[in-house]
Amino acid sequence: MISSRHSLAVILALATIVASPAAAGDFAAPTGEVLLTIKGDIAARNAGDTLQLDQAQLAALPQSSFTTSTIWTSGTPTFSGVLLKDLVAAIGAKGETITLSAANDYTIKMPMSAVADDAPLLAFLMDGKPMSLREKGPVWMVYPYDANESYRSEETYSRSIWQLTTIEFGE
Ligand SMILES: Nc1nc2c(c(=O)[nH]1)N[C@H]1C(S)=C(S)[C@@H](COP(=O)(O)O)O[C@H]1N2
Ligand SMILES: [Mo]
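The structure presented is a predicted model; accordingly, all values stated were derived computationally and were not measured.

Conventions adopted
Residues numbered from 1 in each chain as written. Chains lettered and ligands numbered in written order. Predicted model: local features only at pLDDT ≥ 70, side-chain atom pairs only at ≥ 80, totals over all residues. Heavy atoms only, no water. Buried < 20%, exposed > 50% of the residue type's maximum accessible area, 1.4 Å probe, protein only. Helix = DSSP H or I, 4+ residues; strand = E, 2+ residues; numbered from the N terminus. Salt bridge = Lys/Arg side-chain N within 4 Å of Asp/Glu carboxyl O. pLDDT = per-residue confidence, 0-100. Contact = heavy atoms within 4.5 Å. Pairing = 2+ DSSP bridges. Core = buried A, V, L, I, M, F, W, Y, C linked by side-chain atoms within 4.5 Å. Near = heavy atom within 4 Å. Polar contact = N/O pair within 3.5 Å; in protein donor to acceptor, adjacent residues only side chain to side chain. Areas by Shrake-Rupley, 256 points an atom, 1.4 Å probe, with all protein chains shown as cover. Nonpolar A, V, L, I, M, F, W, Y, C, P; charged D, E, K, R; others polar.

## Structural notes on helix α3 (residues 84-91)
For step 1, the next point in the chain: Of all the residues in α3, the buried ones are Leu84, Asp86, Leu87, Val88 and Ile91.
For step 2, the next point in the chain: Downstream of α3 by a residue or two, Gly92 has a phi angle that is positive, lying close to 60°.

## Details of the pattern of salt bridges
For step 1, the next point in the chain: Scanning the entire structure with this criterion turns up one salt bridge.
For step 2, the next point in the chain: The partner of Glu155 in a salt bridge is Arg159, and the shortest N-O contact between them spans 3.4 Å. Highlighted residues: Glu155 and Arg159, both in helix α4 (residues 154-159), separated by four residues, approximately one helical turn.

## Details of the confidence of the model for the protein
For step 1, the next point in the chain: Averaged over the protein, the pLDDT score is 90; the fraction of residues at 70 or greater is 85%.
For step 2, the next point in the chain: Within the model, the stretch residues 16-23 combines pLDDT values under 50 with zero contacts to residues more than four positions away or in other chains.

## A few points about the pairing of strand β6 (residues 107-111)
For step 1, the next point in the chain: On β6, burial follows the alternation: Ile108 and Met110 on one face are buried, whereas Thr107, Lys109 and Pro111 on the facing-out side are not.
For step 2, the next point in the chain: Between strand β5 (residues 97-102) and β6, which follow one another and run antiparallel, lie four residues, and Asp105 among them has a positive phi close to 75°.

## Topic: the nonpolar core
For step 1, the next point in the chain: Membership of the largest hydrophobic core comes to 46 residues, with the highest contact counts inside it found for Leu87, Ile91, Ile167 and Phe169.
For step 2, the next point in the chain: Ranked by residues supplied to this core, first place goes to strand β7 (residues 121-126) with six residues.
For step 3, the next point in the chain: Setting aside its immediate chain neighbours within four residues, Leu87 contacts Ile38, Leu53, Leu61, Val82, Leu122 and Ile167.

## Remarks on the site of ligand 1
For step 1, the next point in the chain: Taken together, Trp72, Ala102, Asn104, Tyr106, Glu154, Tyr157, Ser158, Ser160, Ile161 and Trp162 form the complete shell of residues around ligand 1.
For step 2, the next point in the chain: At 3.1 Å from a nitrogen atom of ligand 1 is found a side-chain nitrogen or oxygen belonging to Asn104.
For step 3, the next point in the chain: Residue Ser160 places a main-chain N or O atom 3.0 Å away from a nitrogen atom belonging to ligand 1.
For step 4, the next point in the chain: Summarising the interface, the protein chains cover 65% of the accessible area of ligand 1, which totals 520 Å² for the free molecule.
For step 5, the next point in the chain: Tallied by class, the residues present in the shell around ligand 1 amount to six nonpolar, three polar and one charged.

If you want it as structure tokens, here you go:
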């Protein structure tokens, strides 16, 4: 028979385990093609100082999607993937500045403060399908341009980096 004091201790211990967020760092090595490499001030790593993510690992993070026209596509595609804010939370990323780089050497910097609740989205599906390099994939950072006039700005267009390969968190 467990004493009530012991039961309380067990309950408190279990409650502590349940309340702790999943430890950042819980990422196995990618088994598929690496779509994103993340560097800098991050708590989760699986390849030296960096975190490499394949599509299955991106799909295992919290998923979001929105439907919007863009100045680069026709119609109103639905983009699905991981909100940058959810990636930041999942991997314990910190720092003032985010530097994003593409396969074609295009690079942009944005402040961490520009990571909003609704955008940007690291999209890896358009209308439910992976995007080829020609279609600006495999990862395209997009905004819900139709939903908010402030997203139809040159600053946001310049941040809409396609063929995104690398994200670095830092000063
Ligand atoms: N990978 C990649 N993404 C990019 C760019 C680029 O050159 N390469 N140009 C950016 C800039 S500065 C803007 S304004 C828009 C340009 O879109 P446009 O080439 O259709 O004018 O995409 C952004 N995303
Ligand atoms: Mo631009």
